[in-house]
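Listed below are the residues making up each chain.
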Amino acid sequence: MDMSESMASEKKCLTGQCPPLQKEDEQVVKLSEGSGGKEMHRLIAEATSHFSSGDWKHTDEDSSLLAVNQNNVLFTTDSYVVTPLFFPGGDIGKLAFCGTVNDLSVMGAKPLGISLGLIIEEGFSKSDLFAILKTIGELSKQAGIPIATGDTKVMERGSVDKLIINTSGIGVAQNVLDEQIEPGDKIIVSGGIGEHGTALLAKRFELESSVKTDSKPLWEEINSVVHLVKQAKDITRGGLASVLNEIAQKEKKQLTIIEESIPLLGEVRALTEILGIDAYSLACEGRFVCICSAKHADAAVEKLRVFNTMACVVGEVQDGSDVIVQTRFGKKILSMPSGNIVPRIC
Amino acid sequence: MNEYVQKIEDLAKEMGEVRIMEVCGGHTNTIMRYGIREVLPSNIKLISGPGCPVCVTSQYDIDCMIELALSGVKVATYGDMINVPGTKMSLKDAQAQGADVKMIYSADQIIDEKDRVFFAVGFETTTPMTARLLQQGITVFCAHKLIPPAMRVLVQEMKIDGFIDPGHVSTIIGEDIWSELDIPAPQVISGFKPEQLIKATYVLLDLIKNKEKEVVNEYPEVVFSKGNPIATKIIEETMKVVDSEWRGMGTIPQSSLAPKDPKLDARIVYKDILKNVVSQENKECRCGEIVRGMIEPRDCKLFGQGCTPENPQGACMVSESEGACAIAFKYGKSLSE
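Residues numbered from 1 in each chain as written. Chains lettered and ligands numbered in written order. Predicted model: local features only at pLDDT ≥ 70, side-chain atom pairs only at ≥ 80, totals over all residues. Heavy atoms only, no water.

S.K.: Can you lay out the overall build of chain A for me, pointing to particular residues and giving the numbers?
M.R.: Looking only at helices and strands, chain A features nine helices and 14 strands. Its C-alpha atoms give chain A a radius of gyration of 21 Å, near enough to 20 Å, the size a compact globule of 346 residues would have. In terms of its C-alpha atoms, chain A occupies a principal-axis envelope of roughly 75 × 55 × 40 Å. Looking at chain A as a whole, 50% of its 346 residues are labelled buried. By sequence separation, contacts in chain A at least 24 residues apart represent 82% of the contacts at least 6 residues apart. Summed over its atoms, the accessible surface of chain A is roughly 16700 Å², and 50% of this surface lies on carbon and sulfur atoms. With 35 positive and 47 negative side-chain charges, chain A shows a separation of 3 Å between the mean positions of the two kinds. (Helix = DSSP H or I, 4+ residues; strand = E, 2+ residues; numbered from the N terminus. Rg over C-alpha atoms; globule rule 2.2 N^0.38 Å. Buried < 20%, exposed > 50% of the residue type's maximum accessible area, 1.4 Å probe, protein only. Contact = heavy atoms within 4.5 Å. Areas by Shrake-Rupley, 256 points an atom, 1.4 Å probe, with all protein chains shown as cover. Lys, Arg positive; Asp, Glu negative; His and termini not counted. Charge placed at Lys NZ, Arg CZ, Asp CG, Glu CD.)

S.K.: So what's going on with the domain arrangement of chain B? Which residues, and what values?
M.R.: Residue and element names in this part refer to chain B. Each assigned domain of chain B is listed here: domain 1 (3-51 + 147-217), domain 2 (55-146 + 227-274) and domain 3 (297-331). Between domain 2 and domain 3, the C-alpha centre-to-centre distance is 23 Å. At the interface, six residues of domain 2 touch nine residues of domain 3. Summed over both sides, the interface between domain 2 and domain 3 buries roughly 590 Å², with carbon and sulfur atoms accounting for 70% of that surface. Sorting the residues of domain 2 by area buried against domain 3 places Cys 55, Asp 80 and Pro 85 first, and these three jointly supply 70% of that buried surface. Here domain 2 is connected to domain 3 by zero salt bridges. At the junction of domain 2 and domain 3, the tally comes to one residue pair in polar contact (both at pLDDT 80 or more). (Domains from an automatic or database assignment. Buried area = accessible area lost by both parts, 1.4 Å probe. Salt bridge = Lys/Arg side-chain N within 4 Å of Asp/Glu carboxyl O. Polar contact = N/O pair within 3.5 Å; in protein donor to acceptor, adjacent residues only side chain to side chain.)

S.K.: Could you give an account of the interface of chain A and chain B, naming the residues involved and the relevant values?
M.R.: Contact with chain A, which involves 53 residues of that partner, is made by 64 residues of chain B. Summing the contributions of chain A and of chain B, the shared interface buries around 4900 Å²; its carbon and sulfur component is 56%. Here chain A is connected to chain B by five salt bridges. A:Arg42 is the partner of B:Glu310 in a salt bridge, and the nearest nitrogen-oxygen pair spans 2.9 Å. Along the contact surface separating chain A from chain B lie eight residue pairs in polar contact (both at pLDDT 80 or more). Among the elements of the structure, α1 (5-9), α2 (38-48), α8 (266-275) and β14 (331-333) of chain A are those that each provide at least two residues to the side of chain A that touches chain B.

S.K.: Which residues make up unusual backbone geometry, and what values go with them?
M.R.: Residues and elements named next belong to chain A. Pro 84 follows Thr 83 through a cis peptide bond whose omega is -5°. Of note, the phi angle at His 58 is positive, near 55°, even though the residue is not glycine. Structurally, His 58 is set in the loop between α2 and β1 (64-68). Residue His 58 is classed as partly exposed on the basis of its relative accessible area of 24%. The residue Lys 252 is not glycine, and still its phi comes out positive at about 50°.

S.K.: With reference to specific residues and values, describe the environment of A:Asn245.
M.R.: Residues and elements named next belong to chain A. Here Asn 245 is to be found in helix α7 (residues 239-251). Classification of Asn 245 as buried rests on a relative accessible area of 6%. Residues Asn 245 and Thr 309 lie 64 residues apart in sequence; the distance between their C-alpha atoms is 25 Å. Among residues more than four places away in sequence, those in contact with Asn 245 are Val 323, Leu 334, Ser 335 and Met 336. At 2.8 Å, the side chain of Asn 245 and the backbone oxygen of Ala 241 are in polar contact.

S.K.: How would you summarise the packing of helix α3 (residues 92-105) of chain A against helix α4 (residues 126-143) of chain A if you had to cite specific residues and measurements?
M.R.: Residue and element names in this part refer to chain A. Here α3 crosses α4 at 35°, and the two axes come no closer than 7 Å. Taken as a pair, α3 and α4 cross one another with a handedness that is right-handed. Taking contact as the criterion, the partners of Ile 92, Gly 93, Lys 94, Phe 97 and Cys 98 in α3 are, on α4, Ile 132, Thr 135, Ile 136, Leu 139, Ser 140 and Ala 143. Within the contact of α3 with α4, the residues separate by chemical class into seven nonpolar, three polar and one charged. (Axes fitted to C-alpha atoms, helices over the stretch in contact; angles between N-to-C directions. Left-handed = near helix turned anticlockwise from the far one by under 90°. Nonpolar A, V, L, I, M, F, W, Y, C, P; charged D, E, K, R; others polar.)

S.K.: Please provide a residue-by-residue account of the sheet that holds strand β6 (residues 147-155) of chain A, values included.
M.R.: Residue and element names in this part refer to chain A. Read across the open sheet, the five strands follow the order β1-β2-β7-β5-β6; overall the sheet is mixed. Each of the sheet's edge strands pairs with one partner strand only, and the pair in question is β1 and β6. Direction aside, neighbouring strands of the sheet carry axes that sit 15° apart on average. As defined by bridge partners, β1 adjoins strand β2 (residues 71-80) across five bridges and the pair is classed as antiparallel. Looking at the pairing, Leu 66 lines up with Val 73 of β2. Contacts from α3 reach β2, β5 (110-121), β6 and β7 (163-173), with the element oriented near 150° to β2. (Pairing = 2+ DSSP bridges.)

S.K.: Residues and numbers for the state of the cysteines, please.
M.R.: Counted by the stated rule, this structure contains one disulfide over all chains. Note on cysteine connectivity: B:Cys52 is disulfide-linked to B:Cys55, with sulfurs 2.2 Å apart. Around the S-S axis, the bridge from B:Cys52 to B:Cys55 shows a dihedral of about 65° and counts as right-handed. Just as B:Cys52 is buried, B:Cys55 falls in that class too. We note that A:Cys98 lacks a disulfide partner, and the nearest cysteine sulfur, in A:Cys284, lies 13 Å from it. (Disulfide = S-S within 2.5 Å.)

S.K.: An account of the confidence of the model for chain B is requested, with residue identities and associated values reported.
M.R.: Here chain B averages 93 in pLDDT, while 98% of its residues score no lower than 70. At the level of chain-chain contacts, confidence expressed as ipTM amounts to 0.73, with global pTM at 0.80. (pLDDT = per-residue confidence, 0-100.)

S.K.: How would you explain the packing of aromatic side chains if you had to name every residue and give the values?
M.R.: Applying the stated criterion to the full structure yields eight aromatic pairs over all chains. For the pair A:Phe329 and B:Tyr34, a centre-to-centre distance of 6.2 Å together with 90° between the ring planes defines the contact as edge-to-face. Separated into two different chains, A:Phe329 in the loop between β13 (323-326) and β14 and B:Tyr34 in the loop between α2 (25-33) and α3 (36-39) make up a pair that spans both. By relative accessible area, A:Phe329 is classed as buried at 16%. The exposure class of B:Tyr34 is buried, given its relative accessible area of 12%. Ring geometry for B:Phe192 versus B:Tyr219: centroids 6.3 Å apart, planes at 70°, classification edge-to-face. (Phe/Tyr/Trp six-rings, centres within 6.5 Å; stacked < 30°, edge-to-face > 60°.)

S.K.: Please provide a residue-by-residue account of the packing of helix α1 (residues 3-12) of chain B against helix α11 (residues 194-209) of chain B, values included.
M.R.: All names here are of chain B. Orientation of α1 relative to α11, taken along the N-to-C sense of each, is 25°, at an axis distance of 9 Å. For the element pair α1 / α11, the angle class is roughly parallel. For the pair α1 and α11, the sense of crossing is left-handed. Each of Tyr 4, Val 5, Lys 7, Ile 8 and Leu 11 in α1 lies in contact with α11, whose residues at this interface are Ile 198, Lys 199, Thr 201, Tyr 202, Leu 205, Asp 206 and Lys 209. The residue inventory of the contact of α1 with α11, partitioned by class, reads seven nonpolar, one polar and four charged. (Parallel < 35°, antiparallel > 145°, perpendicular 65-115°, else oblique.)

See the structure below:
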């Protein structure tokens, strides 16, 4: 670097591109408040305290429920940003379509249609844009879930990062998956966890890996067990640790899982060990946890194995609180992940 | 039951209190995650050592990087470092205020960014990558620490009966360095799986019982006697050994590295920006005693009370992979609580 010392010593932006600095004491939103952990839950709680949700129920769940002429109507929305936009096995379009479809599906709702909002940065490659839209189009066709409406905004260069997608979805459920869980109920995971998170981390940190995102629409899978399970929840940001803690807190039960039974691809295990990252906290985009009575567990697992051979029972519901992991040596509490997921240094 | 747990129990019956330090934060993570302390007999104490890069980085160094970032200098550093609180804020706070702070996993990610300063932290494991950046003409603010000089201080001050030596550090510096250290306590180099750590503990207890001071390599699949000669060579070519201030341990002679080329040493290049940096450690935070193994995380009154991984008051609460407090917070809650 041949920058002169006198230039460097002036306390101003050297590149001319830095945004203005805030005052030190001003409260600002931090990146970790969007990472699916405790901080995000607190931000959402504060944000939603400003609204009324009328007759809608389950407003803190994946989709909200409204009874309309004796039909169970479910409604959900989500915005998608991801770096990089294209990653092994998918792109942001796949996440945006599947995420909303899955939020409806885990409540037991058959998705009827999806909206698509695009916020595009000036200068964004058209071929990338159309590749992403093609992904959405193909998924929509395959799943038989139409794109019912949409909106497009183009923003000045630098004011958004390439592309943001918002999708909303509406669906109807014959049986809403909101049944109370009880001690003795079994906890099932629908496939190997953390594959999406691992694929993204490997791409972001330029590590060789054949792990692909697990992102996919889950309606077909959930529909196959909808009559057997009491509740389902898709595993997203915050991973299995976050989903299980949410269930334990909401249901005021203890969830005990057996570490050795958690489905994990060998390569995911290896990469998480190399990076020093907890696989329990890694994101999925096409996996879910469901809870059913013990007598239905085998049947549910058999149905789910048609879609993913790694589906299995990982633990059971007990009286108490917290999520407990039974390791090879002893029991440990699995806490709600907090902060950003960062690789270890040494 | 693991066969070595049984063997440890048998050995422990014939011994008084034994103080073993696991130097590496990665080892602390495995020990806590699998509940290894709970399966060991009560007279065998595992004490967490200083092996967490962000924990031992001095407050002053962190404040310097924040000052640089807020002055408009582009900076980069490894994961957890951006969350460590400085005197007024963390690099993450500086980032939220608009400073250009890049979080990286590998130094290679900034090898073409000659206008970015690399905040180099970590032990011997990460120094070869920094050396590579220096070869490519990247400016470095060097806060690398060397483990062996710190162990020499700890063995005297803390009455440690034996050390579990860090596995990753040993892959770089090799097995022989530990023997040359000539400290009055045996050492076992271990891998990071729970079974490996339990076996290492058994081997170490056996050495302690027999009053042997030797070094045993229980991680021979990746740790060789001379380490990694390519890595040590580029370190020697680009960096020199200097005295360094450690959080909680004061200045340890010959315990850090600095770029040989002053034009690539950010402490020199940016001395005008850095001359006004004044640091003050949070007086209630006891990270300094924790990295020395003097107290347990729970002995600090801030632990869990205002100091949590999402809002860390001290460096040890930042890294869930290597920081003693963050690991204790994540895995240490007892089931009866």
